[in-house]
Amino acid sequence: MQILSLSSVTKTFGGLVAVAGVSCGVDRGAVVGLIGPNGAGKTTVFNLITGSIKPDDGHIFFSGHSIRGLSPHRIVALGIARTFQTIRLFQGLSVLENVLSGCHCRMRSGLVASLLRLPGQRREERLVIERAMGELEFVGLAGLWKATAGSLAYGDQRRLEIARALATEPKLLILDEPAGGMNEQETFELRELINLIRKRDITVLLIEHDMGFVMSVCDQVLVMENGILIAQGTPQEIQNNPKVIEAYLGLDDDD
Amino acid sequence: MTQNNGHPQPAQPAQAAGQASDRADSQAGSQAANNQAANNQAGNRAQAPNGPKSSPLYGILTALGILIFAFLPMILSTLVGRSTPYWLDVVNTVGLYTILALSLNVILGHAGMFHMGHAAFFAIGAYSTAILNLTYGWSIMATMPVATLAAGFVALILAWPIIHLRGDYLLIVTIGIVEIVRIALTNNIFGLTGGSNGLVGIARPSLFGFRITSPKHFFYFIWTVVGLTILLFHWLENSRFGRARKFIKEDTVAAENMGVNTSRYKLMAFVVGAAWAGLAGTIFASRMRTISPETFVFSESVLLFTIVILGGKGSQKGVLLGSFLVIGLPEFFRGFEDKRLLVFGAALVVMMIFRPQGLLPSKQAHYKLPPGWADRLAQLPKPETNGPNGKRPPNGGAPPVAKPQNAPPEENGA
Ligand SMILES: Nc1ncnc2c1ncn2[C@@H]1O[C@H](COP(=O)(O)OP(=O)(O)OP(=O)(O)O)[C@@H](O)[C@H]1O
Ligand SMILES: [Mg+2]
């Protein structure tokens, strides 16, 4: 059963075709990797799924519903959460508040309840802090709840982004280069973390350049080059796929 | 900073080819620079949770301050005798501007929207009250909710199409709004606004049968409203609604991607701020008894803008201080009245250079953890046991409050 499917999704920027008729699917409960050389269009695919940019053509289905053209906050509410390739935390706010931003879409208190601090609002506020702390504990950052997000070490910032995304209670979690800039130890911990996320019945779709990481953590791998999906399959299949090998070796020649 | 705070990684064992790791390196490098900047920024704010806010002394001093302020009319009469009403009027004007500036703070300070047309909503509130009172004989207190809603409603209609605009564009449009409203009033729109002469003879408010007439009465009336405003907006700020606006101000794209309906919250902030300015309009109309379009000119909006920026965007204490400085202080230097704008201009320039965050900038919000968490956090393992899904000890990863001395003034100015 596919939780996400794209059919002939296309996006051009000016004359540049960033994503050219990509059709693919993500199985529910799987961890899927999306790889490809720089500029292949991977991040653009993520932006299309999360609604940050609208496709020129094609359809995107999530849990059977078309999500094409919806604004990002509605797509989050439906159950897709993301992290960013270049970290995009609320740098000046505390670690806890960053996670609370993810909780926002699952809360109900409105303007009047907030203005008058009604009992229901206070109860919700207590519950949500509890839940946000739970997510922080899950990624191993609970002890830093008071710190300013911008003051965290780099790897911790990446994990905070994951905690923030998890706080939206997603069914599908989209990670754009989660191991980027992490050291070996942190990358190892990230792998464990992704396995724990999968145990929570959350489907994971991730972009990563670290092949060792992708091959060890993913069930399925999608390969893009120049906006085109050139291969998909298990890590084993991908590693032996001549097209993929060519795509990466071809790159070497350019250097 | 500790650990590998964004240091370029040794090239990854890359089947991903040379180019990829080049890119990763340069990216990591630039993010390290980012981190540095963020750390400097953190300096000022990270401390907040243990700041003065939580100390009991601070609470006592605040309570004492409020108590002394409550006796201000008596204190003034022993100090200045017969000119007490005059000085009370000054304090009342400060109070009124405080309400207005607090309402602008919801829009400008919390949500980060550059809105320079606030006088328009003030005017709508004042005229709603005046018209309902003079033409239809409503009592002032009965007009108050209507004036509030009217200003909010007009804001909703006007802001709907412009709420997506970026800072500088929004600024221009809101200046347009205040001009349109002023011209409409001057041209005696619907034959109700009295043209450039304005409206005369507005009634006094009465509360529970008590008529509010003297400066002393207005002192208690206005400053009670100031207190209520501070309380309600403080609650609002520390709620789901207030946080949403903070996220929008920090990074709109990230906020939207975390599920915050950014345009809706911007619009709501705008409407709430405008409505509150309408409420201030009611108080103003009944205090002055006469209103005319000249009161609601563009320079009033600029004055309010100045108060919020000078005091500290987003900080209610800052706004309070700003009102006293911008509205109250010039009364002590009456001789220089015509140079007032010059002085404010100079003060603003100096501020933007040396203290762009304002005199009393907003602090980081204070959260209380649910019971049990203190123990749970205390039991976190030590750094060595940084296991896989590592539960890190407090401060295990990085010093959260690495406070750089001599940190340059942070926060991106106006
Ligand atoms: N908003 C945009 N406007 C114009 N061009 C864009 C935009 N976003 C992406 N592109 C272009 O589209 C192409 C694909 O970019 P994308 O970011 O999707 O690549 P990527 O596969 O994520 O690469 P990387 O591994 O470097 O992150 C690039 O040539 C990029 O310059
Ligand atoms: Mg990318």
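Here, every reference points to the structure presented above.
Summarised in this report is the structure supplied together with it. As the structure is a prediction and not an experimental result, all values here were calculated from the model.

The rules we used
- Residues numbered from 1 in each chain as written.
- Chains lettered and ligands numbered in written order.
- Predicted model: local features only at pLDDT ≥ 70, side-chain atom pairs only at ≥ 80, totals over all residues.
- Heavy atoms only, no water.
- Helix = DSSP H or I, 4+ residues; strand = E, 2+ residues; numbered from the N terminus.
- Buried < 20%, exposed > 50% of the residue type's maximum accessible area, 1.4 Å probe, protein only.
- Donors = N, O, S within 2.8 Å, 3.2 Å for Na, K, Ca; no water.
- Expected span 1.5 Å × (residues − 1).
- Contact = heavy atoms within 4.5 Å.
- Pairing = 2+ DSSP bridges.
- Axes fitted to C-alpha atoms, helices over the stretch in contact; angles between N-to-C directions.
- Left-handed = near helix turned anticlockwise from the far one by under 90°.
- Right-handed = clockwise from strand over helix to strand, strands pointing away.
- Near = heavy atom within 4 Å.
- Polar contact = N/O pair within 3.5 Å; in protein donor to acceptor, adjacent residues only side chain to side chain.
- Areas by Shrake-Rupley, 256 points an atom, 1.4 Å probe, with all protein chains shown as cover.
- Salt bridge = Lys/Arg side-chain N within 4 Å of Asp/Glu carboxyl O.
- 1 Å grid on protein atoms, 1.4 Å probe; cavity = no way out; pocket = protein on both sides within 12 Å on 5 of 7 lines; lining within 4 Å.
- Points joined across faces, edges and corners; volume = space filled by probe spheres on them.
- Nonpolar A, V, L, I, M, F, W, Y, C, P; charged D, E, K, R; others polar.
- Core = buried A, V, L, I, M, F, W, Y, C linked by side-chain atoms within 4.5 Å.
- Phe/Tyr/Trp six-rings, centres within 6.5 Å; stacked < 30°, edge-to-face > 60°.
- Lys NZ or Arg CZ within 6 Å of the ring centre and 35° of its normal.

Now for the overall build of chain B. Along the backbone of chain B there are 15 helices and four strands. Counting only residues that meet the buried cut, chain B has 49% of its 414 residues in that class.

Turning our eyes to something else, we now look at the coordination of the magnesium ion (ligand 2). For a metal with four tetrahedral donors the ideal donor-metal-donor angle is 109.5 degrees, while six octahedral donors give ideal angles of 90 or 180 degrees. Residue and element names in this part refer to chain A. The protein atoms that coordinate the magnesium ion (ligand 2) are T43 (OG1) and Q85 (OE1), at distances spanning 1.9 to 2.1 Å. Of the two residues, T43 is situated in helix α1 (residues 42-49) and Q85 in the loop between β6 (80-82) and α3 (95-103); the sequence distance between them amounts to 42 residues. Its relative accessible area of 26% is what places T43 among the partly exposed residues.

With that settled, the discussion passes to helix α12 (residues 298-311) of chain B. Residue and element names in this part refer to chain B. Here α12 is 14 residues long and its end C-alpha atoms lie 20 Å apart, about the 20 Å a rise of 1.5 Å per residue gives. Here α12 has its buried residues at E300, S301, L303, L304, F305, T306, I307, V308, I309, L310 and G311. Considering only its buried residues, α12 is in contact with α4 (84-110), α5 (118-136), α7 (167-186), α13 (316-328) and α14 (340-354). Just beyond α12, the residue with positive phi is G312, at close to 130°.

Residues and elements named next belong to chain A. Taking strand neighbours across the sheet as the criterion, the six strands line up as β6-β7-β8-β3-β9-β10 in an open arrangement whose pairing is mixed. Because the sheet does not close on itself, it has two edges, and the strands there are β6 and β10 (228-233). When strand polarity is set aside, the average angle formed by the axes of neighbouring strands in this sheet is 20°. Each of β3 (31-35), β6, β7 (172-176), β8 (203-207) and β9 (220-225) touches α1; the most contacted strand, β8, lies at about 145° to it.

Quick look at the packing of helix α6 (residues 140-159) of chain B against helix α11 (residues 262-288) of chain B now. All names here are of chain B. Where α6 contacts α11, the two axes come as close as 7 Å, and the packing angle between them is 145°. Relative to α11, α6 is oriented so that their crossing is right-handed. The residues of α11 that touch α6, namely those facing I140, T143, M144, A147, T148, A151, G152, A155, L156 and A159, are L267, F270, V271, A274, A275, G278, L279, T282, I283 and S286.

It is worth spelling out the pairing of β7 of chain A at this point. Residue and element names in this part refer to chain A. Of all five residues that make up β7, five are buried, and the element is covered over most of its length. Taking every second residue as pointing to the same face, both faces of β7 are buried, with L172, I174 and D176 on one and L173 and L175 on the other. Of the strand pairs in this sheet, β6 and β7 are connected by three bridges, and their pairing is parallel. Residue pairing for β7: A81 is matched across the bridge by L173. In this structure, β7 lies alongside β8, joined through five bridges in parallel fashion. Residue pairing in the sheet places L175 in a bridge with L206 of β8. Handedness of the crossover joining β7 and β8 through helix α7 (residues 184-199) is recorded here as right-handed.

Before going further, it helps to spend a moment on the pairing of strand β2 (residues 16-27) of chain A. Judged from the eight bridges that link them, strand β1 (residues 2-13) of chain A and β2 of chain A form a sheet pairing that is antiparallel. Note that in β2 of chain A the partner of T12 of chain A across the bridge is V17 of chain A.

Before going further, it helps to spend a moment on the site of ligand 1. Taken together, 15 residues lie around ligand 1, and G39, K42, T43, T44 and Q85 of chain A are the ones closest in. Surrounding ligand 1 is a set of residues that belongs to chains A and B. Side-chain polar atom of T44 of chain A to an oxygen atom of ligand 1: 2.5 Å apart, as the coordinates give it. For ligand 1, an oxygen atom lies 3.0 Å from a polar atom in the side chain of H209 of chain A. Here ligand 1 has 630 Å² of accessible area as a free molecule, and 63% of this is covered by the chains. Where the shell around ligand 1 is concerned, the elements lending two or more residues are β2 and α1 of chain A.

Further remarks concern helix α8 (residues 215-237) of chain B. A rise of 1.5 Å per residue sets the reference length of α8 of chain B, with its 23 residues, at 33 Å; its end C-alpha atoms lie 32 Å apart and thus fit the reference within 8%. The complete set of buried residues in α8 of chain B reads F218, F219, F221, I222, W223, V225, V226, T229, L232, F233, L236 and E237 of chain B.

It is worth spelling out the pattern of salt bridges at this point. Evaluation of the coordinates by the stated rule reveals 15 salt bridges over all chains. Note that E125 of chain A and R243 of chain B form a salt bridge whose closest N and O atoms lie 2.6 Å from each other. Residue E125 of chain A is located in helix α5 (residues 119-139), and its partner R243 of chain B is located in helix α9 (residues 240-250); the two belong to separate chains. Residue E125 of chain A is classed as buried on the basis of its relative accessible area, which comes to 11%. As a salt-bridge pair, R182 of chain B and E179 of chain B come within 3.1 Å of each other at their nearest N and O atoms. With R182 of chain B and E179 of chain B both in helix α7, this residue pair falls three residues apart, about one helical turn. What makes R182 of chain B partly exposed here is its relative accessible area of 26%. Through salt bridges with shared partners, one network takes in R106, R131 and E169 of chain A.

A few words on the layout of surface pockets. Residue and element names in this part refer to chain B. When its volume is computed, the second largest pocket comes out at roughly 430 Å³. Of all elements in the fold, only α5, α6 and α7 reach the threshold of two or more residues within the lining of the second largest pocket. A total of seven residues in the lining of the second largest pocket trace back to one element, the largest contributor, which is α5. Taken together, the residues that form the lining of the second largest pocket break down as 17 nonpolar, two polar and no charged.

On to the nonpolar core, then. Ranked by size, the top nonpolar core spans 93 residues in total, and within it F233, I283 and I291 of chain B carry the most contacts. Ranked by residue count, the leading element in this core is α4 of chain B, at 15 residues. Those residues within four positions of I283 of chain B in sequence are excluded, and the remaining contacts are L96, I99, M144, F218, F221, I222 and V225 of chain B. Formed by 64 residues, the second largest nonpolar core is a distinct cluster that contains I162, M211, M215 and I230 of chain A.

This part covers the packing of aromatic side chains. Residue and element names in this part refer to chain B. All chains considered together, the criterion is met by 15 aromatic pairs over all chains. On the basis of an interplanar angle of 75° and a centroid distance of 5.2 Å, the ring pair of F122 and F296 is categorised as edge-to-face. Note that F122 is positioned in helix α5 and F296 in the loop between β4 (290-291) and α12, a separation of 174 residues in sequence. F296 shares its class with F122; the two are buried. For the pair F219 and Y220, a centre-to-centre distance of 5.1 Å together with 80° between the ring planes defines the contact as edge-to-face. Assessed through its relative accessible area of 1%, F219 is described here as buried. Owing to a relative accessible area of 33%, Y220 belongs among the partly exposed residues under this scheme. In this structure an aromatic cluster arises from ring pairing among F69, F219, Y220, W223 and F324. Sitting above the plane of the Y265 ring, R264 keeps its charged end 5.7 Å from the centroid. Over the face of the ring belonging to W373 we find R376, whose NZ or CZ atom lies 4.0 Å from the ring centre.

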